[in-house]
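# Fold and geometry: a report
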Amino acid sequence: MLLRMSTLFLRTLREDPAEAEVPSHKLLVRAGYIRRAAPGGYTWLPLGKMVLDRVAAIVHEEMRAIGGQEVHFPALLPREAYEKSGRWTAYGDDIFRLKDRRGAEYLLAPTHEEMFTLLVQDLFSSYRDFPVILYQIQTKYRDEARPRAGLLRGREFLMKDAYSFDLSDSGLEESYAKHRVAYQRIFERLGLDFTIVSAQSGAMGGSGSEEFLAAAEVGEDTFVGCAACSYAANTEAVTTPSIEPVSVEHPAIEVHDTPETPTIQSLVDLANARGLAGRTDWTAADTLKNVVLQLTRPGSAEKELLVIGVPGDRDVDLKRVEAQVHPAAVALFDDFAARPDLVRGYIGPQKLDARYLVDPRVAAGSAWLTGANEPGRHATNVVSGRDFTPDGTIEAVEVRAGDPCPNCADGTLEIRRGMEIGHIFQLGRRFADAFGLDALGQDGKPVRITMGSYGVGVSRAVAAIAEQRCDDRGLVWPKSVAPFDVQVIPAGKGEQLAIATTLAEELVAAGLRVLLDDRPAKVSTGVKFADAELIGAPHSVVVGRGAADGVVELRVRATHESSEVALSDVVRLLTSD
Ligand code: ATP
Ligand code: MG
C-alpha cells in the first residue's frame, strides 16, 4: 500500500483541540485520525480507519481461532426483547430509546445478549448443536452520563461482542477459558500493557467475571494490585480478609454527653480530652460511623433505607456499595426531617429501625464508640452481636493502599489506574431463563443453555494504544496496528523526490505499508518531520542530500534513534524484523 501525502485526506493541527483533555484524544485529533462529529461521536478519517480496521482484523483472527462465527445484528431493535430480559428498564437513562412513525418503541442497542439468545433459540434445538460461539463487531449506543476523552468513552462506539452457548457449567467454563486466552492474545498483539482483574458483573448479574484493564493515568477505573502476589481486582470486587470474632468480655454500654460532636474528628478530640471510658488513646478507627443511604430499585419510586456501619477512619465508597446492591441506585439519605428517630451525627445501631449492614471489620464481639441516638450523646462499649445485630456485612468502604491482600498472607494492596478494554463473563442462565432457551438433551429431556458474554472495546482500544504509546511529539504506533510501516520523506529540492518515490515503490513491493511525503517543496522539511512524528509510523526514511551517493537516514519513531544507512539496504532492514 502506497499513500501519497499530497493527496491524502489529512490536515494535521499544530494546536491541541480545545475540547480534548487526555493525550490520546489530543493526538488522534491533531494527527488527523479522528474528528468530532457529535457529543460522544467521532468520524474516522483515513488514517484512523486504517488503524481501526487493523485492530478489528486482529480481533477477528483471534475470535476465529477459538471457533467464533461472525454474525451481524441491526443496532436499531424493537423494545420487546429488552423488555423481556428486564433491561429496557434496568438500563435506565443509559440507552437511547426511540419511536417509529407508528409509535412502536425501539432502542439503539447498548449490547446484544437478548438478540443472540433469540437467534440461537430460533435456529438451534438439539444438544448436538452445542456448544457454539457467535460474535459480531458492531456499533453500540449508550447515552453515557459523561462522554469523555474522545474514543475512550463515546456514546456511539465500536464493540466486539461474543456470546457462548453451552449445555453445562463445565462447558461454559471451557468457553470462558478460551475467550480469556483469545483476549490475552488480542491485547498482546495490540501492544497494550494490561492487567486482568476480577470484576463485579454490574448490570449483567451472573458470576465469574474478569476485566482487562489497560494501564493509564487517565483511566476511569481504579483497580488494586498486590505488591507481593499476582492478585488484581477492581475496587468494586476487592474483598476484605475475614476478621476473627472477638471473644473478650466487654463492660456494659455507657452513654456520655458529647455535645457538638457531629463529625468523627470532633468526637475523637472530645473523647480524648475527656478521657472517655478511662481512655485517652481514642482514634477514628475505634468509632463506628453509621451512614444512611437510600436505595431506589429500577421502575420503583419507593426509596428504601439502608444504614451501613463502618469504622470511623474509613469513608463509604458509593461505587462499591452500588456494585453490591445493583440494580438499585444508591444515594446519601438527606430527608432527616421525615425520620426523627435518625439523629443525624449521633446514630447508633443499638436502636435502629432500618436495614443495617456492616463493614467486615466490624467483627462479631468487637466494641465501638458510636452514636447514642440522642442529640449530643455517644455511647462506648457498644458490642456487635450483644448490643446490636447487623443484618449482614457489605464491602462498602474505600479501598486504601496498604490494605491487606485477600489472596496472599503478607501482601498489601496498591492502587492503580486503568481503562477497561475488554470484559469476559460467565452470564450463566439469566438470559436463557428469560427467553426459555433450551436444547433437547440426549435423553429427550430439555437442557437449559448456559451462556457467556465477552466484549472488546474496539474503538476504545485504538485510544488505549494511543494513550500508552505517545510522547510529546506525537503518536508511536506498534507495528501491528500502525497505519504505515514507514514514512518516506524526501528532504531537498533536487532529485530526492524521484529517489524517494522509487524507494517507496520498492518498499511497497516488499509488502510494507508506506506513506510518501511528496508534498511540494514549499512545505518545509521541518514541517514534514514534525508531521511524521505526529502521525507516528514505526519508521521514517529521510531521503536527503546524501541520497545521490546512496545514503539515507533511517529513523526509529519509538526511540528517536537515527542512523545513516545505504539506500540499497533499506528494504532489507525494514523487512527483516
Ligand atoms: P465501562 O465500565 O468503561 O463503562 P462497561 O462495563 O460498560 O465499561 P461493557 O458493557 O462490558 O463495558 O462493554 C464491553 C467493552 O466495550 C468494554 O470493555 C469497553 O472496552 C467498551 N466500552 C464500553 N462502554 C464504552 C464507551 N462508552 N465508549 C467506548 N467503549 C466502550
Ligand atoms: Mg459502561
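Being a predicted model, the structure only gives us computed values, none of them experimental.

About the thresholds
Residues numbered from 1 in each chain as written. Chains lettered and ligands numbered in written order. Predicted model: local features only at pLDDT ≥ 70, side-chain atom pairs only at ≥ 80, totals over all residues. Heavy atoms only, no water. Near = heavy atom within 4 Å. Polar contact = N/O pair within 3.5 Å; in protein donor to acceptor, adjacent residues only side chain to side chain. Areas by Shrake-Rupley, 256 points an atom, 1.4 Å probe, with all protein chains shown as cover. Helix = DSSP H or I, 4+ residues; strand = E, 2+ residues; numbered from the N terminus. Nonpolar A, V, L, I, M, F, W, Y, C, P; charged D, E, K, R; others polar. Domains from an automatic or database assignment. Contact = heavy atoms within 4.5 Å. Buried area = accessible area lost by both parts, 1.4 Å probe. Salt bridge = Lys/Arg side-chain N within 4 Å of Asp/Glu carboxyl O. Phe/Tyr/Trp six-rings, centres within 6.5 Å; stacked < 30°, edge-to-face > 60°. Buried < 20%, exposed > 50% of the residue type's maximum accessible area, 1.4 Å probe, protein only. Lys NZ or Arg CZ within 6 Å of the ring centre and 35° of its normal. Axes fitted to C-alpha atoms, helices over the stretch in contact; angles between N-to-C directions. Parallel < 35°, antiparallel > 145°, perpendicular 65-115°, else oblique. Expected span 1.5 Å × (residues − 1).

## Thoughts on the site of ligand 1
Neighbouring ligand 1 are 14 residues; Arg142, Glu144, Arg153, Gly154 and Glu420 lie closest to it. The contact in question runs from an oxygen atom of ligand 1 to an N or O atom on the side chain of Arg142, over 2.8 Å. Measuring from a nitrogen atom of ligand 1, one finds a side-chain N or O atom of Glu144 at 2.8 Å. Here ligand 1, which alone exposes 580 Å², has 85% of that area covered by the protein. Every element with two or more residues in the shell around ligand 1 is listed here: strand E9 (156-166) and strand E22 (413-428). Broken down by element, the shell around ligand 1 gets its largest block of residues, four residues, from E22. For the shell around ligand 1, the class distribution of residues is five nonpolar, four polar and five charged.

## Re the domain arrangement of the protein
Domain boundaries assigned for the protein yield domain 1 (18-75 + 109-238 + 415-467), domain 2 (254-393) and domain 3 (484-575). On a C-alpha basis, the centroid separation for the pair domain 1 and domain 3 is 38 Å. Contacts between the two partners involve seven residues from domain 1 and, on the opposite side, four residues from domain 3. Interface of domain 1 and domain 3: buried area, both sides summed, is about 560 Å²; carbon and sulfur atoms make up 64% of it. When residues of domain 1 are sorted by the area they lose upon contact with domain 3, Ala31, Leu47 and Arg54 head the list and together hold 56% of the total. At the junction of domain 1 with domain 3, the criterion picks out zero salt bridges. Connecting domain 1 to domain 3 are one residue pair in polar contact (both at pLDDT 80 or more). Mapped onto the side of domain 1 that touches domain 3, the elements with two or more residues apiece are helix H1 (23-30) and helix H2 (46-65). Ranked by residues supplied to the side of domain 1 that touches domain 3, first place goes to H2 with three residues. Across the side of domain 1 that touches domain 3, the residue classes break down as five nonpolar, no polar and two charged.

## Digging into the packing of aromatic side chains
For any pair of aromatic rings, the description rests on two quantities: the centre-to-centre distance and the angle between the ring planes. Taken as a whole and judged by the stated rule, the model has twelve aromatic pairs. Aromatic side chains Phe194 and Phe212 sit 6.0 Å apart centroid to centroid with 35° between the ring planes, which places their arrangement in the tilted category. With Phe194 in strand E10 (residues 194-198) and Phe212 in strand E11 (residues 209-215), the pair connects residues that are 18 residues apart, well separated along the chain. For Phe212, a relative accessible area of 0% gives the class buried. Of the aromatic side chains, those joined through ring pairs into one cluster are Tyr183, Phe187, Phe194 and Phe212. When the ring centre of Phe431 is taken as origin, the NZ or CZ atom of Arg430, which lies over that ring, is 4.7 Å away.

## Observations regarding the packing of H1 against helix H10 (residues 458-468)
How two helices pack is summed up by the angle between their axes together with the distance between the axes. Running from N to C, H1 and H10 point in directions that differ by 100°, and their axes come no closer than 8 Å. Relative to H10, the element H1 is oriented roughly perpendicular. Residues Pro23, Ser24 and Leu28 of H1 touch H10, and the partners they reach there are Ala463, Ala466 and Glu467. When the residues that make up the contact of H1 with H10 are grouped by side-chain class, the tally is four nonpolar, one polar and one charged.

## Some words on the side chain of His250
Structurally, His250 is set in the loop between strand E13 (232-234) and strand E14 (254-257). Beyond its immediate stretch of four places on either side in the chain, His250 contacts Gly365, Ser366, Ala367, Asn381, Val383 and Arg386.

## Structural notes on helix H11 (residues 496-509)
Compared with an ideal rise of 1.5 Å per residue, which puts 14 residues at 20 Å, H11 spans 20 Å between its outermost C-alpha atoms and is within 8% of the ideal. Elements that come into contact with the buried residues of H11 comprise strand E1 (2-4), strand E28 (486-490), strand E29 (514-516), strand E30 (539-543) and helix H13 (570-575). Phi turns positive, to about 100°, at Gly511, one or two residues after H11.

## A word on H1
For H1, the tally of buried residues reaches six of eight residues, placing the bulk of the element in the interior. Within H1, the full set of buried residues consists of Ser24, His25, Leu27, Leu28, Val29 and Arg30. On its buried side, H1 packs onto strand E2 (34-38), strand E3 (41-44), H10, strand E26 (470-471), strand E27 (474-475) and helix H12 (525-535). Phi turns positive one or two residues past the end of H1, at Gly32, with a value near 80°.

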